[in-house]
Amino acid sequence: TSGCDYSLFKAGIEPMWEDNRNKRGGRWLLTLAKQQRHTELDRFWLETLLCLIGETFDQYSEDICGAVINIRAKGDKIAIWTREAENREAVTHIGRVYKERLGLSHKLVIGYQAHADTATKSGSLTKNKFVV
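Rules used in this analysis
Residues numbered from 1 in each chain as written. Predicted model: local features only at pLDDT ≥ 70, side-chain atom pairs only at ≥ 80, totals over all residues. Heavy atoms only, no water. Helix = DSSP H or I, 4+ residues; strand = E, 2+ residues; numbered from the N terminus. Buried < 20%, exposed > 50% of the residue type's maximum accessible area, 1.4 Å probe, protein only. Core = buried A, V, L, I, M, F, W, Y, C linked by side-chain atoms within 4.5 Å.

**Considerations on unusual backbone geometry**
Then step 1. Unlike most non-glycine residues, Glu-55 shows phi in positive territory, near 50 degrees.
Then step 2. When you line up the elements, Glu-55 lands in the loop between α1 (41-53) and β3 (64-70).
Then step 3. A relative accessible area of 52% means that Glu-55 is categorised as exposed.
Then step 4. Even without glycine at this site, Asp-58 takes up a positive phi of about 55 degrees.
Then step 5. The topology assignment puts Asp-58 in the loop between α1 and β3.
Then step 6. Here Asp-58 falls in the partly exposed class, since its relative accessible area comes to 49%.

**Here's the deal with the nonpolar core**
Then step 1. Among the nonpolar cores identified, the biggest contains 30 residues, and Trp-28, Phe-57, Ile-78 and Ile-80 are the most heavily contacted of them.
Then step 2. Taken together, the elements giving at least two residues each to this core come down to β2 (26-33), α1, β3, β4 (75-82), α2 (88-102) and β5 (111-114).
Then step 3. In this structure, Phe-9, Ile-13, Cys-65 and Ala-79 belong to the second largest nonpolar core, which totals seven residues.

As structure tokens, then:
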């Protein structure tokens, strides 16, 4: 239902920016159009969960905090949260692997947003720290 959020996080980590293990991190954000809810949303969310459970991100799996899906009337969002936004190597590796696992086109760009930036700016004004 529109307005619902679901999440899967490692034990002891709350799905909140303020959690100590999320505070310095950020998220790879996939924004879906309303029309994609019936064609892609379930598949993308399932693949996201399988990536987390299967430690798909190799040596950077420890940098993953969890994932969130937001169901909204205007469009849905899926995000993988990481613990350290300044760790460029880990963040870009996670983004590339995630995009590949979802089977997204090379032309489609997904962005990474630091939680600190998102917390201080309103929605569309948040700039992507990294893109893949």
